[in-house]
Amino acid sequence: MGPDRLPTMARARHRPSGFAQPSGADVWEIGLTAMPATVPGDDGQPVRPLVAMVVESSGRVRGSAIGHPDRPLEALEPAIEMAIEEPQAPCLPGRPRRVVVGSSRLLKLLPPLLPGVMVTRGDTPHLDHVTSSLRNHIAADGDQPDQQGLSTYLSADVTPEAVASFFKAAAALYERRPWQQVPSDGHLFTLSCPTLRIKGWAGCVIGQNRENYGVILFQSVADYDRYVELAERVEAEGLEVMDGAPPHRAINFESKRDMPPALLEEIRRYRWPVAKGDAYPTVMLVQPDLGLAPPTQADLAQLEAVAGALTQWLDSEPDLARCWAGPSVRGRRFRVPVGPMVVPVTIGVVAEAIPAAEAELARFAAPPPRSLKVPAALQAKVTSLLASIDGFCASHLNDEYRQLIHTAVAALARKRPSPLLGGREPSWCAGLVHAIGSANFLFDKSQTPHCSASAIYDHFGVSAGTGQAHSKKVRDLLRIAFFSPDWTLPSQLDDSPMAWMVEVDGFIRDVRSLPLEIQLEACAKGLIPYVPALRDQASG
């Protein structure tokens, strides 16, 4: 596979050499587009970030950046700087002869950023294609469901054949009555299937009390523990406490009288197989706000794999309850039919050894550690800044934020000359915390942890204007923006769309859906922080 297959949406940290300058490099198309999804702004209110894109007339993406909608230069400046100095492979550094834009607004903004370059208004077909692909991808990921529930099994891209395959697997599971073999909903199992991007899910079987039969699945044991903790607080604090519940999914078995008429009509029309009894399967994808997302065909395939693996596990273990009572048991690996495929699935009990295994896995899944080295002449200054910042992290943030802010302080200290040599320390502390926080939605009340921007300013004793000014300095110097892969908390990296966007044959793609060899090449070029497929294999 050639190196010209992998220009990326995120800034590359390494650029291959030896490529000829592509045709069309002297004419660029530059534009701004609003992302379809909203994110919390500096004041916590939702905003739609702007994406600045620089595309050659050959269709190659040279650079991109994200900024606040009220501050277009926040996106344009780093995108153009990237396009000139560190363009995406296989483009070479350099300036254009001419730039084409599609709006009069950009005709005014761009000349100061590109002195000596002719900027004209005209058609931008290559830019339009790239931005349309990006918007469509993010919009598809962000569709909001009807919170009153689903009225059809054929949501999104789901086909009748996919539903029939799922129904068959669900009926087989129901016939095994897993709630009669798993002692309680506190006896967890863990399940992985790299082929279907299932990575260490934690599941529990419900129905031991002879009602609400089914299986509930969480993305981790920690998510299950969090859900149980919130559920135990409902009686004292009310249902509102569940607003902070982690996302989860479920296969529920309903009686015919409890099924919506529209779903019963669909089942009858397509003759999907249903086991006898309360065995009408329904699917729930519960979002953090307790809304329901419509399942896609990929979601249905994942749940079919869970049902199939549980069925084979029950068949192979006549006394399944003993697996939790005895010493740690290795997971069982089964080949599970899912539609036209047969996929490998690993399933086993969650025992005390699981947290250690997860910690080991996290070591391989995380990006490589960032440098914390600082020049000797600035060591005292950095030590003083970190001491002040650590106090705020201890009272308002967590160790993950603390480590990322330490990285930012070290990065500023290594710049020549270092901006930390000028200005008051409280101003830099507030600016650093605000800059990292804004890139990670710290001001969004739905996040944990979260705090207001005013809490940062008050803690360090600076005005809002001073804090925001130094935050902008930090963001500009370190190229920090929404979804910046280098400045996203490791726990949020999987959900950061820009970290995984690459351009392949002119289309914006999520690298996690591409073959392993493409992921390896992208990682080797510094286009993505690590190889998702290798982490998935470790999970399996």
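Each remark here, short or long, concerns the structure printed above.
Note that the structure is predicted; figures quoted are calculated from it, not measured.

Considerations on the environment of methionine 118
Argument step 1. Tracing the backbone shows methionine 118 in strand β7 (residues 118–121).
Argument step 2. Remark: the alpha-carbon pair of methionine 118 and proline 96, spanning 22 residues in sequence, is separated by 8.8 Å.
Argument step 3. When residues no more than four places from it in sequence are discounted, the contact partners of methionine 118 are Arg97, Arg98 and Val99.

Re the packing of helix α12 (residues 425–439) against helix α14 (residues 464–478)
A pair of packed helices can be characterised by two numbers: the angle between their axes and the separation between those axes.
Argument step 1. Where α12 contacts α14, the axes come no closer than 7 Å and their chain directions differ by 65°. Note on packing geometry: the crossing formed by α12 with α14 is right-handed. For the pair α12 and α14, the contacting residues are Ser427, Trp428, Ala430, Gly431, Leu432, His434, Ala435 and Ser438 in the first and Thr466, Gly467, His470, Ser471, Lys473, Val474 and Arg475 in the second.
Argument step 2. Within the contact of α12 with α14, the residues separate by chemical class into 5 nonpolar, 8 polar and 2 charged.

Thoughts on the sheet that holds strand β12 (residues 280–286)
Argument step 1. What the 7 strands build is an open sheet, ordered β12-β11-β10-β9-β8-β14-β13; its pairing is antiparallel. Only two strands of the sheet have a single partner each, and these edge strands are β12 and β13 (332–338). Strand-to-strand, the axes of this sheet are offset by a mean angle of 25°, without reference to chain direction.
Argument step 2. Alignment of strand β9 (residues 198–206) against strand β10 (residues 214–218), held across 5 bridges, turns out to be antiparallel. Opposite alanine 202, over in β10, you have phenylalanine 218 as the bridge partner.

Re helix α4 (residues 160–176)
Argument step 1. Compared with an ideal rise of 1.5 Å per residue, which puts 17 residues at 24 Å, α4 spans 25 Å between its outermost C-alpha atoms and is within 8% of the ideal.
Argument step 2. Among all positions in α4, only Ala162, Val163, Ser165, Phe166, Phe167, Ala169, Ala170, Ala171, Leu173 and Tyr174 are buried.
Argument step 3. Contact partners of the buried residues in α4: β10, β11 (248–254), α6 (261–270), β12, α7 (297–316) and β13.
Argument step 4. Where α4 terminates, the next one or two residues include arginine 177, which has phi positive at roughly 50°.

Overview of the sheet that holds strand β4 (residues 50–56)
Argument step 1. Taken together, the 5 strands give an open sheet; going across it, the order is β5-β4-β1-β6-β7, and neighbouring strands pair in mixed fashion. Unpaired on one side and paired on the other, β5 (61–67) and β7 mark the two borders of the sheet. Each strand axis lies, on average, 20° off the axis of its neighbour in the sheet, ignoring direction.
Argument step 2. Here 3 bridges tie strand β1 (residues 27–34) to strand β6 (residues 98–101), and the two strands are oriented parallel to one another. The partner of glutamate 29 across the bridge, within β6, is valine 100.
Argument step 3. Contacting β1, β4 and β5, helix α1 (residues 73–85) runs over the sheet at an angle of about 155° to β5.

What to know about helix α13 (residues 453–460)
Argument step 1. Buried within α13 are the following residues: Ala453, Ile456, Tyr457 and Phe460. Viewed end-on, α13 has its buried residues packed into an arc of 95°, placing them on one side of the element.
Argument step 2. Each element contacted by the buried residues of α13 is listed here: α10 (379–396), α12 and α14.
Argument step 3. One or two steps after α13, the chain reaches glycine 461, where phi turns positive at roughly 70°.

Section: the packing of α12 against α13
Argument step 1. Relative to each other, α12 and α13 sit at 160°, their axes nearing to 9 Å. Classified by the interaxial angle, the pair formed by α12 and α13 is roughly antiparallel. Seen along the crossing, α12 lies across α13 with a hand that is right-handed. For the pair α12 and α13, the contacting residues are Pro426, Cys429, Ala430, Val433 and His434 in the first and Ala453, Ile456, Tyr457 and Phe460 in the second.
Argument step 2. Along the lines of polarity and charge, the residues of the contact of α12 with α13 split into 8 nonpolar, 1 polar and no charged.

About the criteria used
- Residues numbered from 1 in each chain as written.
- Predicted model: local features only at pLDDT ≥ 70, side-chain atom pairs only at ≥ 80, totals over all residues.
- Heavy atoms only, no water.
- Helix = DSSP H or I, 4+ residues; strand = E, 2+ residues; numbered from the N terminus.
- Contact = heavy atoms within 4.5 Å.
- Axes fitted to C-alpha atoms, helices over the stretch in contact; angles between N-to-C directions.
- Left-handed = near helix turned anticlockwise from the far one by under 90°.
- Nonpolar A, V, L, I, M, F, W, Y, C, P; charged D, E, K, R; others polar.
- Pairing = 2+ DSSP bridges.
- Expected span 1.5 Å × (residues − 1).
- Buried < 20%, exposed > 50% of the residue type's maximum accessible area, 1.4 Å probe, protein only.
- Arc of directions from axis to C-beta.
- Parallel < 35°, antiparallel > 145°, perpendicular 65-115°, else oblique.

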